[in-house]
Structure formats: C-alpha cells, structure tokens
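# Overview (structure and organization)
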Amino acid sequence: MEGIAIRVTDVHKRYRLGVFGGTTLAEDIKAWWAKVNGRPDPRVPIGKEHVAQRSGEFFLALRGLSFDVHQGEIVGVIGRNGAGKSTLLKLMSRITSPTSGTIRIKGRTSSLLEVGTGFNPELTGRENIFLNGAILGMRKHEIEAKLEEIIAFSGIEHHIDSPVKRYSSGMRVRLGFAVAAHLEPEVLIIDEVLAVGDAEFQRKCLGKMKDVASSGRTILFVSHNMTSVRSLCNRVIWLQDGKVAMDGPSEEVVTAYLRTYASLNDTVEWTAEAAPERARAFAECFSGT
Amino acid sequence: MSNASASERETFIGPDGPWWKLDVAELWRYRDLVWLLVRRDITAVYKQTVLGPLWHVVQPLLTSFMFALIFGRAAGFAPKEIPGMLFYLSGLVPWFFFANVVNKTSKTFTANAALMGKVYFPRLAVPLSVAISNLASFGIQFFAFLVLLIGYHVFDPAFTWSPSPALLLLPVLVVIMGLLGLGAGILISALTTKYRDLSFLVGFGVQLLMYASPVIFPLSRLQNFPMLLTLFNVNPMTSVIESMRAVFFGQPIPWGGLGYTCVFTLCILMLGTAVFNKVERSFADIV
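A few points on the structure. Fair warning: this is a prediction, and the values are worked out from it, not measured in the lab.

Thresholds applied
Residues numbered from 1 in each chain as written. Chains lettered and ligands numbered in written order. Predicted model: local features only at pLDDT ≥ 70, side-chain atom pairs only at ≥ 80, totals over all residues. Heavy atoms only, no water. Helix = DSSP H or I, 4+ residues; strand = E, 2+ residues; numbered from the N terminus. Contact = heavy atoms within 4.5 Å. Pairing = 2+ DSSP bridges. Axes fitted to C-alpha atoms, helices over the stretch in contact; angles between N-to-C directions. Polar contact = N/O pair within 3.5 Å; in protein donor to acceptor, adjacent residues only side chain to side chain. Core = buried A, V, L, I, M, F, W, Y, C linked by side-chain atoms within 4.5 Å. Buried < 20%, exposed > 50% of the residue type's maximum accessible area, 1.4 Å probe, protein only. Salt bridge = Lys/Arg side-chain N within 4 Å of Asp/Glu carboxyl O.

### Comments concerning the overall build of chain B
In terms of helices and strands, chain B carries 14 helices and 1 strand. Summarising the internal contacts of chain B: among those between residues at least 6 apart in sequence, 78% fall at separations of at least 24.

This is the structure we're talking about:
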C-alpha cells in the first residue's frame, strides 16, 4: 500500500429486487424452518423456485470494481444514473458493506454524501457546528480551534445563535459545507455537494476544495457537473454498469464520456471513419442507405 | 489524536465481520460525539417549554401519587410501615429509567435512519448516548425521591429514616439497570429494522412488564402464589427494584435474584451487541 490511499479490489454489491425486509417474523420463521428441513422457501412464488436460486431476483450494482488511488490524487467519478457511483460511495463511507471484495483506505477518512447531515432543528447554528463536526469525526477542540473560521466561511454570522429550524435552506447548506470544508481528513469522499448554494458560494466551495487538494490530501469526487470535474480533478474514473469503463486523465475521459452520451441537441462532428458505431447507425437510419 | 497515528490508521472494508465485536477504541475516539448527543437529547427536548427540566419530575411524581391513592390506599397493596408516596416512587424511579432506556434505544436505527444512511460513525454511540442522557433524568428523579424521603423523615412522625451501609449498593444497581436496558434496547433496535412489528410491541410490552415486577406491591405479598412468584422472578428487573427498596427501607437484599439479573444482563448485552453489529453493516439496504 506504499503511496496508495485507496485500494478497491474486485468489489461486488448485490441488492435484492422487489419487496423484501417488509416480511413479518412469522414468515421468516417459516422460511427458516423450510430451509432446515430441506424444503423450498415458501415465500418464493410457484414456478420461480429456480429463478431465486440463480440470483435472477438480484441486482448487481457493482460487478467486479477495482482501482487504486494514489495519495494526493484528486479523482473524479462520473457515470450515468445507476452506474454504481452512489453505491461505491456508500461502501467507501462504511454505510453499507460489499457483498464480496475489499476496500482498503489509508488514513483518516471523511465522506460528505450530503451537507448538514445530523443538524438538529431545535439547536442553534453554533451548537449544530459542534454536533455536525462530531458526527463527521472531529474532536471538540478541533472544532473550537476553527469555530471562527467556520462561521466566517458560512457567511451567516448574524444567525449563528438562532435555531437551525428558522434557517432558509440555503443557510443550512452554507453552514453544512462550512463545517465539512474545515475537516482535515487524509481522504475526502464527496458526492455532488456543489450542486447547492448560489453561484458565488459554489465558487467559494470549489476554491476551498482546491485548497484542500493542494495540501496533499486525497479526494474522491463524484459529480455530474463536467465543468467542475474538469477544473478540479486530474484523473477521472468513468463507471458503467458497475464496472470501470474508462480510467485516465480528466480531459480524455470527460471528452469520451460526453461524446458517448451527447444528446441530440448537441452538435458532434466526426469523420466518417472515426464516428462511433451508434452515430453511424443513426446516420444510416436517416440517409436511407 | 495525533496526526501520526491518524495517518497510520487503515480502514478495511470487507463483506464479513466477526460475529461479535466491540470496538471500544473507536467509541472512545468518538467520545465527543457521545457527549454532544447526550447534550442534544437533554437540551433540545425542553426548548420552548415552560417547565423545562421539571418535566422530568412531573411524570414519576404524579404516577406515584396516583399509585399511592389507588394501589396503596384503596387496594391496600403497599406495606403499612412505608408512606405510599415513598414506596411507589422508590419503585417507579428505577422502573422509568429502565423503561425509557429500552424504549428510546430501541428506536436507534429507525429514528436515525436518515443520518446513518449518510455518514459513518460508530452506531453504538447513539444507544450509548441515550442511556447516558436517561441517566441524567434518573438523577433528577432520584434527587426528588431523596428530597421527599427526608421531607417525610422530618415532618411525618410515623416515619423515621436512617441511612444504612447498604446504600453503597446503589451505584451498582444503577449500572445494572442501565446496562440491562441498553442490552435489551439495542437487541430490539436491531430486530426492528427487519421486523417493524416489534416497534409496536415494545411500547406496551415494557408497560406490561411493569405488572410482572414489584413496582405495585412487594414480592412478599406473592408468597401464596408460587406460579406468579416464579413469573416475577424471571423478570430481571424484579430483583433490582426489590434491592432498591431494601437499600432504603432496611429489608434483606435478594442476593440470589441480583446474581441472576447480572448474568441475564451480561447475556443480553452480548447477544444485543452481536445482532447490532450484524445489522449495522447492512441496515442501510433494509430500512
């Protein structure tokens, strides 16, 4: 693990499709009793016994994902909805565990899947800074040392001693990001948090993240905003169907990604030979050849 | 936490964990979080109320008063030598402590699903903080009991109280109650993520359990009902409440029962932590 901050090895995550977990105790005991006696699970519909065993009722959100991230790298993760980005983040944040495979992360890790997690509406902004910081893994004295800086960054000095329930949604987000931005983890995992606040605050956030990155920390950044991915990351991993579709320098991957999913409204030009298969088929369809 | 040791730390995320694990070191690292959650529980509840923390005392006092009237005076269940208020308060204060810890910790996962689905922290910090904040309200109620006890001693000529060395057992009783409630609570909280049925059961289940404990009348009244006596003795809270009264009103302490309760507490804590561990790894997919 020399110089490697994150190592993801052959990670699979399987979810069950359909209704589950909503069972009652009685049903589960019946199912367990049937299993003990070697009879088929009574919950499985007739004629579907084989399907359930062949994992046809499951959905693989991640199928054999592997990659390494070096210390100090800022890696963007892109991909369409359902490609497995959020699942990957949830596994790395230890919110849920993988079905198989391992993830190793070196150093203190913080993940921001949402800003302002754990705010208590009855407590004041100041009290919530401490609570939120502690939830994210900060010690009390660390928060105290940065309290003034956090309040100044949030830009809501006048409201800091009012209960958070009286805040506007924008104020909550500002406060949440201000706390998060002052964490000092070695590895930072961020999901789409920049899609909040006004333009000026977004610029401020991006600037802060660049600061954090330049101090040698590792950042894993998931976003749909290609502009911020381009400007922030030096390497991008493109996920597709739970696997790595492409991994390389930001410009290359983002360009390839945009080319693949460019919508009809965008103008994309290729030479006849270089055009991807889909575009060629599309063109043929209209030219009638 | 120094930076050196922080950077050496490696997080390993894999599919299977050990069936029983209690990461005390990690909980200790998050001790500020536990403390803040305790403070949140205590202060946030009483914001925008007039009586504030006094609400802690109102419930047991009024309940004791009603019990003293109905079960004590009308039905004659309480022993004659102890004032009714004192008899019932000495049973209800520990009972409320236990019941609140069970009720509130059993909601750990369901009440904090949004938070736990977004950020990792040792999940045990939540039930632990609930137990500690209930310990604070137990402290306030217990203080009210002491005030009343001394009040009766001074103003009621029929009742005199003298502290006995058995009072030293009190902290042990409090710890047993807290751990028992915590163990039962985390076990139920882990099970409710899958079986929502349980959350309906817990509320009145704990209430019903009170009637199988010596809160309303002393165990000695059951001497002619061996079946009931056995049932009461199965309830691990029985010996704790009997001891609580024994400590204050100079009766023999039921050591055998206390021993049973200690073993029961250890078992339920082990089982609770095991099931809790299993659930915390996957609950985000279920809830």
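Resuming the write-up.
### Here we look at the sheet that holds strand E1 (residues 10-13) of chain B
Strand pairs in the sheet, formed through backbone hydrogen bonds, run parallel or antiparallel to each other. A sheet is described by the order of its strands in space; here 4 strands give the open sequence E2(A)-E1(A)-E4(A)-E1(B), paired in antiparallel fashion. Each edge of the open sheet carries a strand with a single partner, namely strand E2 (58-70) of chain A together with E1 of chain B. Taking the axes of each pair of neighbouring strands and ignoring which way they run, one obtains an average angle of 15 degrees across the sheet. Here strand E1 (residues 4-16) of chain A runs beside strand E4 (residues 100-106) of chain A; their pairing, made up of 5 bridges, is antiparallel. Along E4 of chain A, the bridge assignment pairs Ile6 of chain A with Ile105 of chain A. Its contacts with the sheet place helix H3 (residues 85-92) of chain A against E1, E2 and E4 of chain A together with E1 of chain B, and it is angled at close to 65 degrees to E2 of chain A.

### Regarding the side chain of Thr96 of chain A
Mapped onto the fold, Thr96 of chain A is located in the loop between H3 and E4. In terms of polar contacts, Thr96 of chain A uses its side chain to reach the side chain of Lys13 of chain A, at 3.2 Å. Setting aside its immediate chain neighbours within four residues, Thr96 of chain A contacts Lys13, Tyr15, Lys90 and Leu91 of chain A together with Arg281, Ser282, Ala284 and Asp285 of chain B.

### As for the nonpolar core
What tends to happen in soluble globular proteins is that the nonpolar side chains get buried as a cluster. Counting 71 residues, the largest nonpolar core has Ile78, Ile129, Phe177, Ile219 and Phe221 of chain A together with Leu33 and Phe121 of chain B as the members making the most contacts within it. Counting residues per element, this core draws most heavily on helix H6 (residues 169-181) of chain A, which supplies 8 residues. Each residue touching Leu33 of chain B, except ones within four places of it in the same chain, is listed here: Leu131, Ala134 and Ile135 of chain A together with Phe121 and Ala125 of chain B. Residues Phe67, Leu169, Ile176 and Phe217 of chain B belong to the second largest nonpolar core, which totals 55 residues.

### With respect to the pattern of salt bridges
Side chains carrying opposite charge are able to pair once their charged atoms draw close together. Scanning the model with the defined rule gives 12 salt bridges over all chains in all. Linking Arg104 of chain A and Glu10 of chain B is a salt bridge whose minimum nitrogen-to-oxygen distance equals 2.8 Å. Remark: Glu10 of chain B occurs in strand E1 and Arg104 of chain A occurs in strand E4; the pair is interchain, linking two chains. With relative accessibility at 28%, the residue Arg104 of chain A sits in the partly exposed group. Assessed through its relative accessible area of 33%, Glu10 of chain B is described here as partly exposed. What you see here is one network of salt bridges that share partners, running through Glu73, Arg235 and Asp247 of chain A.

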